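Structural overview for review
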Amino acid sequence: MSVGFLLIHAKPHRTSAMLLSWALFVTGIAAYLYIAAARHRDNAEERVTPTIAQMARGMYDAALKPAEDDEATSTDGSLLQRFRNSMLWKDTKATSRRFIISMVLLIPAVLLGLHMGLFPYIGAFFLRFVLFFDKIVALSLLPILFIAFGIDELAKIMLIVIGVTPTIILDTFNLTRAVPSEQLVKAFTLGAGDFDAAYRVVLKQILPRVLNSIRLNLKSVMLFLFAGEMIASTDGLAFRIALLRRHMGMDVIIPYVLWVALLLFLVDFGMRVLNRKLHPWFQES
Amino acid sequence: MALIAIDDVSVAYGTPARAVLDQISLQIEEGQFVCVLGQTGCGKSTLLRLVLGSEKPLHGKILIDGVEHHQPDRTRGYVPQKYSLFPDKTVLDNITFGPEVSEFSLLGHLTPRYYRRRRELRQEAFDYLRRIGLREADAGKYPEQLSGGMQQRVAIAQALITKPRILLMDEAFSALDPGTRRGMQDLIRELWRATGTTIVFVTHNTQEALRLATRVIVLAKPSPELGSLVKLDLAVPDPCFEEEIPHLVQKLESGAGWHPATDYLPAV
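This one's a predicted model, so the numbers in the text were calculated from it and none came from an experiment.

So, on to the overall build of chain A. When you go through chain A residue by residue, the secondary structure sums to 13 helices and 0 strands. Helices and strands appear in chain A in the N-to-C order α-α-α-α-α-α-α-α-α-α-α-α-α. The C-alpha atoms of chain A give a radius of gyration of 24 Å, which is well past the 19 Å a tight globule of 285 residues would have. Once the C-alpha set of chain A is aligned to its principal axes, its extents read approximately 75 × 65 × 40 Å. Taking contacts inside chain A between residues at least 6 apart in sequence as the whole, the part at least 24 apart equals 66%.

Within soluble globular proteins, side chains that are nonpolar generally end up buried alongside one another. Of all hydrophobic cores here, the largest spans 122 residues; its most connected members are B:Val34, B:Val36, B:Val200, B:Ala213 and B:Val216. When residues of this core are assigned to their parent elements, the largest contribution, 13 residues, is made by helix 7 (residues 153-178) of chain A. Contact partners of B:Val34, with chain neighbours within four places excluded, come to B:Ile28, B:Ile199, B:Val200, B:Phe201, B:Ala213, B:Arg215 and B:Ile217.

Looking now at the interface of chain A and chain B. Tallying the contact residues gives 21 residues for chain A and 25 residues for chain B. Take the side of chain A that touches chain B: its biggest share by element is 7 residues, from helix 9 (residues 194-216) of chain A. Here the side of chain A that touches chain B is composed, by residue class, of 9 nonpolar, 6 polar and 6 charged.

What follows is about the domain arrangement of chain B. All names here are of chain B. What the domain assignment lists for chain B is domain 1 (1-75 + 165-268) and domain 2 (85-163). Between domain 1 and domain 2, the contact holds 14 residues from the first and 11 residues from the second. For the side of domain 1 that touches domain 2, the element with the most residues is helix 5 (residues 178-195), which contributes 7 residues. Of the residues assigned to the side of domain 1 that touches domain 2, the class counts are 9 nonpolar, 4 polar and 1 charged.

Time to look at the packing of helix 11 (residues 237-246) of chain A against helix 12 (residues 250-278) of chain A. All names here are of chain A. Between helix 11 and helix 12, whose axes approach to 10 Å, the crossing angle comes to 160°. When the axes of helix 11 and helix 12 are compared, the pair comes out roughly antiparallel. In this structure, the crossing between helix 11 and helix 12 has a hand that is left-handed. Contacts between helix 11 and helix 12 involve Leu-237, Arg-240, Ile-241, Leu-244 and Arg-245 from the first element and Val-252, Ile-253, Tyr-256 and Val-260 from the second. A breakdown of the residues in the contact of helix 11 with helix 12 according to their chemical character gives 7 nonpolar, no polar and 2 charged.

So, on to the sheet that holds strand 5 (residues 67-68) of chain B. Residues and elements named next belong to chain B. The antiparallel open sheet is built from 4 strands, whose spatial order is 2-1-4-5. Of all the strands in the sheet, the pair left with one neighbour each is strand 2 (18-28) and strand 5. Of the pairings in the sheet, the one linking strand 1 (residues 4-13) to strand 4 (residues 59-64) comprises 5 bridges and is antiparallel in character. Pairing of Ser-10 across the sheet is with His-59, part of strand 4. The strands touched by helix 1 (residues 44-52) within the sheet are strand 1, strand 2 and strand 4, with strand 2 carrying the most contacts at an inclination of about 60°.

Residues and elements named next belong to chain B. Of note, the bond from Thr-15 into Pro-16 is cis; its omega dihedral lies within 30 degrees of zero at -5°. Of note, Pro-16 is situated in the loop between strand 1 and strand 2. Although it is not a glycine, Asp-65 sits at a positive phi angle of roughly 55°. Relative to the helices and strands, Asp-65 is located in the loop between strand 4 and strand 5.

All names here are of chain A. For helix 10 (residues 218-231), spanning 14 residues, the distance from its first C-alpha to its last is 20 Å, which sits close to the expected 20 Å at 1.5 Å a residue. Along helix 10, the residues that are buried comprise Val-221, Met-222, Phe-224, Leu-225, Phe-226, Gly-228 and Glu-229. Buried positions along helix 10 lie against helix 4 (87-118), helix 7, helix 11 and helix 12.

This part takes up helix 3 (residues 112-131) of chain B. Residue and element names in this part refer to chain B. Taking 1.5 Å per residue as the helical rise, helix 3 with its 20 residues ought to reach 28 Å, and the 29 Å between its terminal C-alpha atoms agrees with that figure. Buried within helix 3 are the following residues: Leu-121, Ala-125, Tyr-128 and Leu-129. Looking straight down helix 3, one finds that the buried residues subtend no more than 95° of arc, so they occupy a single side. Those residues of helix 3 that are exposed and angled more than 90 degrees off the buried face are Pro-112, Arg-116, Arg-119, Glu-120, Gln-123 and Arg-130. Buried-residue contacts for helix 3 involve helix 2 (91-103) and helix 4 (148-160). Immediately beyond the C-terminal end of helix 3, within one or two residues, lies Gly-133, with a positive phi of roughly 85°.

All names here are of chain B. Overall, mixed pairing links the 6 strands, which are arranged 6-7-8-3-9-10 in an open sheet. Looking at strand neighbours, the two that pair on one side only are strand 6 (76-79) and strand 10 (229-235), the edges of this open sheet. Here the average twist between neighbouring strands, direction ignored, is 15°. Contacting strand 6 and strand 7 (166-170), helix 4 crosses the sheet at an angle of about 170° to strand 6.

Let us look at the domain arrangement of chain A. Per the domain assignment, the segments of chain A are domain 1 (4-49) and domain 2 (87-284). The straight-line distance from the C-alpha centre of domain 1 of chain A to that of domain 2 of chain A is 33 Å.

Right, let's get into the pairing of strand 2 of chain B. In terms of strand pairing, strand 1 of chain B meets strand 2 of chain B through 7 bridges, oriented antiparallel. The residue bridging B:Tyr13 from the neighbouring strand is B:Arg18, located in strand 2 of chain B.

The next subject is the packing of helix 5 (residues 120-135) of chain A against helix 7 of chain A. Residues and elements named next belong to chain A. Following both chains from N to C, one finds helix 5 and helix 7 inclined at 135°, their axes separated by 8 Å at the closest point. Between helix 5 and helix 7, the interaxial angle falls into the category oblique. As helix 5 packs across helix 7, the resulting crossing turns out to be left-handed. Residues Val-130, Phe-133 and Asp-134 of helix 5 form the contact with helix 7, whose own contacting residues are Pro-166, Thr-167, Ile-169 and Leu-170. Classifying every residue of the contact of helix 5 with helix 7 gives 5 nonpolar, 1 polar and 1 charged.

With respect to the helices, strands and loops of the structure, A:Ser86 is situated in the loop between helix 3 (79-84) and helix 4. Taking C-alpha positions, A:Ser86 is 38 Å from A:Arg209, a pair spaced 123 residues apart along the chain.

All names here are of chain B. For strand 8 (residues 198-203), the buried fraction is high: 6 of the 6 residues fall into the buried class. Here strand 3 (residues 33-37) pairs with strand 8 via 5 bridges, running parallel. Counterpart to Val-34 in the pairing with strand 8 is Val-200. Both strand 7 and strand 8 contribute to a ladder of 5 bridges, which runs parallel.

Cut-offs and rules
Residues numbered from 1 in each chain as written. Chains lettered and ligands numbered in written order. Predicted model: local features only at pLDDT ≥ 70, side-chain atom pairs only at ≥ 80, totals over all residues. Helix = DSSP H or I, 4+ residues; strand = E, 2+ residues; numbered from the N terminus. Rg over C-alpha atoms; globule rule 2.2 N^0.38 Å. Contact = placed C-beta atoms within 7 Å. Core = buried A, V, L, I, M, F, W, Y, C linked by C-beta atoms within 7 Å. Buried ≥ 20, exposed ≤ 12 C-beta atoms within 10 Å, placed from the backbone. Nonpolar A, V, L, I, M, F, W, Y, C, P; charged D, E, K, R; others polar. Domains from an automatic or database assignment. Axes fitted to C-alpha atoms, helices over the stretch in contact; angles between N-to-C directions. Parallel < 35°, antiparallel > 145°, perpendicular 65-115°, else oblique. Left-handed = near helix turned anticlockwise from the far one by under 90°. Pairing = 2+ DSSP bridges. Expected span 1.5 Å × (residues − 1). Arc of directions from axis to C-beta.

And the structure:
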């Protein structure tokens, strides 16, 4: 039988494509369950591969029991109230706050990239510096940042800024330069000034691609955020994961990792929906 | 005074310099429909960009109504071959972009006057939409949803709504199929008659030039190393009847073994 059906011209049926897309998830979960069961058979105190029941209990405690520092808080109250007093909620809130500040700080990065791409003197002034900055491994700056800015929020935010903004600036710069010059000439012939051309023509055209670029960099934002939280923080999802590592708390670490992945997936999904709503023309092309 | 005066203009690119245009001098009067004709690489589009102000000559100067313009502005409308519309704007928004951007600053969008004026502009845009043969239902479409011919129609309306004194069109119909192209030629002639706008139209298609223009300027290189010169400057009868076109085509295309110093044909 020819194997041609597996090659470029293959047209997988919708059902088979769906089954294939879930196959690795199912395999991974099955392999984990098998290994966990085997290890628990050998050692009842096994903590590296918690069972599903152990993880569910760990997550229940994290999501519905008061945080360690709030032991005095009543365990009564509605589910929502209990969740809002929980360790998971407090950690999520702390990480989200840092994440939102980091995302807001990307706005000036986008504007800088836009101006660098459009205004030659601004480009000449910043480009070499940003290119150099982009090559610095942000994590290697971590000790310097903690010395310079202390171990407060500022150092963590700066780590994200240094780690991600050069990429966003350069992406925006390249996207700006890729706008056909005819579009700018056309805008000027229609009466646009320099800033009209920048904001009403170029920014509007590149914005969906910039949002996609930010989406692709979400993981980097989280990476730097987690690095900062793990090293110097008293709250946050990464702080908790680092803390639980010391106690081999895999029953909470694994659900926490999945929770972070879910949150990131939701942010990515939200940005995708927003992009589609704000820029219906982009979907057309 | 000529509306467009191209005075002894030369252009060269690269290092070592490669001549593109060599001491071109032309005068274009208000209301003319001028086609610039020539083979690929002869500098037709360069000449257009010089008039547009998006490129500067090595020597010489270009005057629009006696004034030098160093960058594109709304005195000269522009319809390129590609990327003629803003992809993020609907047909209607593309057409109203010019008046909106001229009348309202970025913050001007926040004023009530903007919304009142916007309603008027949209009515005007619908008028243009009808004139270029599009339906009202097309107003909300994005350029990507339109055919090439429809996109160029919208681009013409977009340029004309700002009432420029000069409309510069760079191979604007080159990417269209013959049927659509013919329709567009009729449309632009009709709009030229109705508005009286001076049009400079770059093309490499002799038939198209003769069908459209009241004057055809042929650019050609005397040799590959030299820049283009004005090979022929021909007044075309207006209206130009179909049966005259083959004769004029022959006249325009009989350029073999040509020497600029001796074969320059003045406008007839």
